[in-house]
Amino acid sequence: MSRPRIVVVGAGFGGLHTVRHLERRIPNGAADIALVAPNDYMLYSPLLPQVASGLLTPQSVAMSVHRLMKKTRFVPGYAVGVDTQDHTVVVRRPTGELAPVPYDRLVLAPGGLTREFDIPGLTEHAYGAKTLAEAVLLRDHVLGQLELANDSKDPIEREERCRFVVVGGGYTGVETAASLMRLCQEAAHLYPELRSVIRWHLVDIAPKVLPELGDRLGRKALNLLRNLGIEVKLKVTVREVTADKVVLTDGRALPCRTLIWTAGVSPSPLMETLGKPTMRGRLEVGADLSVPGEPDVFAIGDAAAVPNLSSAESAYCPPTAQYASRQAATVAQNVVNSILGRPLREFKHKDMGLVVDLSGSDALARIMQFDLSGLPALGVTRGYHVMSVPSTTARARIIANWGIRAVTGGEVARMGFADEGRPSSFVANEKVDYLDAESARKAGARLRENEEDRYGD
Ligand SMILES: Cc1cc2nc3c(=O)[nH]c(=O)nc-3n(C[C@H](O)[C@H](O)[C@H](O)COP(=O)(O)OP(=O)(O)OC[C@H]3O[C@@H](n4cnc5c(N)ncnc54)[C@H](O)[C@@H]3O)c2cc1C
């Protein structure tokens, strides 16, 4: 192979870190590296709830890939199919056209989407909290509801607009509910009549919130949420959603115009299109992160089922940023080893713990089995995020935003993104049309032919 073509799909924790490790390991000009992703930024999703509450600007958590990569070509678009026979990724460009991207080694790291459930009304009415656009939209929507409620004399409309239901007791749901509750408290200074009407609910089918934190910290999280004024309801979920109510499985009907759905992530549908074994949609890979039977294709992150060699409790690595970033280092090394014909390494990582920012000065952290709460946890949580963002510019922006907020307080003006006519449901926001293996093969062959006609061999 003269100049191997390495294609990485996805610019998140897995994909972007893979590219950066490859750039460090491969001498200048020794390989062509391409990164395929729909957006030209890496989203630092653990801080998204702080964007939803307006504590951080969207730019602080969206790091330009062009600034972070030195020798990699950026291909804008979604990978919608993979022709593994002819080693081609089919990319749908932002213009809607399909384009072929040939590879010698492929790393798939497309992450996941908000998980849908077969609940009447969910796909039409539920808001997501997973993408940057959703976080910005959510803030606008919540503030818009308060404004409209304040302007209404109808007590029923006021109640519906001032009630917010978050589904999911994991870190996304807990942090989103806590941050947006604080945003509402800040906004309520402007709307004193609404103070007693604003209600936040957090519901989960599980018997506890944040099970990853263990029993003691989990109970603490529950108390902190309740002290903040969030009504937490466990062992229930949503039975039905309409434009003006949420019906729970215990029969309670909550008059409400905002359901925020954070109940899990489903792996990118791209993984199923390969026609290879998957585990609940995650593409199965070996401990060396390669796809069995496809030695040139690797997969990591939330969309891959990676054997967890360091844990006796879970067979597969959890879908977290921590694991995706660590897998990136191993996969980059293995791509290089496979090109050089060297043996591949197995991925092993011991979980470091979890940090949860409940906004204000409340935080919880479990680091290497040490439990922290209060200010020490807040210090560790914020320090961890600052160290983990891969860009000095973003680091500076985040610290500056926290500093400005501490001095000036919060800002509660809407930006106008949640106005009529814009898609709000997470399904409309995150939808992409994928190709199955056969269609990808046909599209790949047709596209390669067109390219040859255009440019010659
Ligand atoms: C609100 C929130 C809070 C979180 N908090 C934490 C936390 O505190 N700690 C923690 O460890 N984890 C946290 N996570 C989880 C963490 O963000 C994920 O586990 C991590 O992002 C997974 O990395 P990834 O590379 O697999 O996917 P992602 O980081 O999601 O990256 C996927 C990339 O692929 C791109 N993409 C998607 N489809 C395609 C396609 N078809 N073609 C090309 N590109 C595509 C996306 O645009 C994106 O660039 C949180 C997640 C959310 C949403």
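A quick note: this is a predicted structure, and the numbers were derived from the prediction, not measured. (Residues numbered from 1 in each chain as written. Predicted model: local features only at pLDDT ≥ 70, side-chain atom pairs only at ≥ 80, totals over all residues. Heavy atoms only, no water.)

**Remarks on the domain arrangement of the protein**
The figure often quoted for interface size is the accessible area lost as the parts come together.
Here is step 1 of the chain: Domain parsing of the protein yields domain 1 (5–38 + 77–113 + 266–350 + 431–455) and domain 2 (122–263 + 360–424).
Here is step 2 of the chain: The straight-line distance from the C-alpha centre of domain 1 to that of domain 2 is 33 Å. (Domains from an automatic or database assignment.)

**Here we look at the packing of aromatic side chains**
Here is step 1 of the chain: Enumeration according to the criterion identifies four aromatic pairs in this entry.
Here is step 2 of the chain: On the numbers, 5.5 Å between centres and 50° between planes, the contact of Phe13 with Tyr44 is tilted. Pair noted here: Phe13 is in helix H1 (residues 13–25) and Tyr44 is in the loop between strand S3 (41–43) and helix H2 (48–52), with a separation of 31 residues, a long-range link.
Here is step 3 of the chain: A relative accessible area of 12% places Phe13 in the buried class. (Phe/Tyr/Trp six-rings, centres within 6.5 Å; stacked < 30°, edge-to-face > 60°. Helix = DSSP H or I, 4+ residues; strand = E, 2+ residues; numbered from the N terminus. Buried < 20%, exposed > 50% of the residue type's maximum accessible area, 1.4 Å probe, protein only.)

**A word on the environment of Val82**
Here is step 1 of the chain: As for its position among the elements, Val82 is in strand S6 (residues 78–83).
Here is step 2 of the chain: For Val82, a relative accessible area of 2% corresponds to the buried category.
Here is step 3 of the chain: In the structure, Val82 is positioned 198 residues away from Arg280 in sequence and 19 Å away in space, judged by C-alpha atoms.
Here is step 4 of the chain: Other than its neighbours up to four places away in sequence, Val82 contacts Thr88, Tyr103, Leu106, Leu108, Leu270, Leu274 and Ala440. (Contact = heavy atoms within 4.5 Å.)

**Quick notes on the pairing of strand S2 (residues 32–37)**
Here is step 1 of the chain: By the criterion of burial, S2 is predominantly enclosed, with five of the six residues buried.
Here is step 2 of the chain: The sheet contact formed by strand S1 (residues 5–9) and S2 spans five bridges and is parallel. Note on S2: the bridge partner recorded for Arg5 is Asp32.
Here is step 3 of the chain: On the question of chirality, the crossover connecting S1 to the parallel S2 by way of H1 is right-handed.
Here is step 4 of the chain: Across five bridges, the pairing between S2 and strand S5 (residues 72–76) is parallel. When the sheet's bridge partners are listed, Ile33 is paired in S5 with Thr72. (Pairing = 2+ DSSP bridges. Right-handed = clockwise from strand over helix to strand, strands pointing away.)

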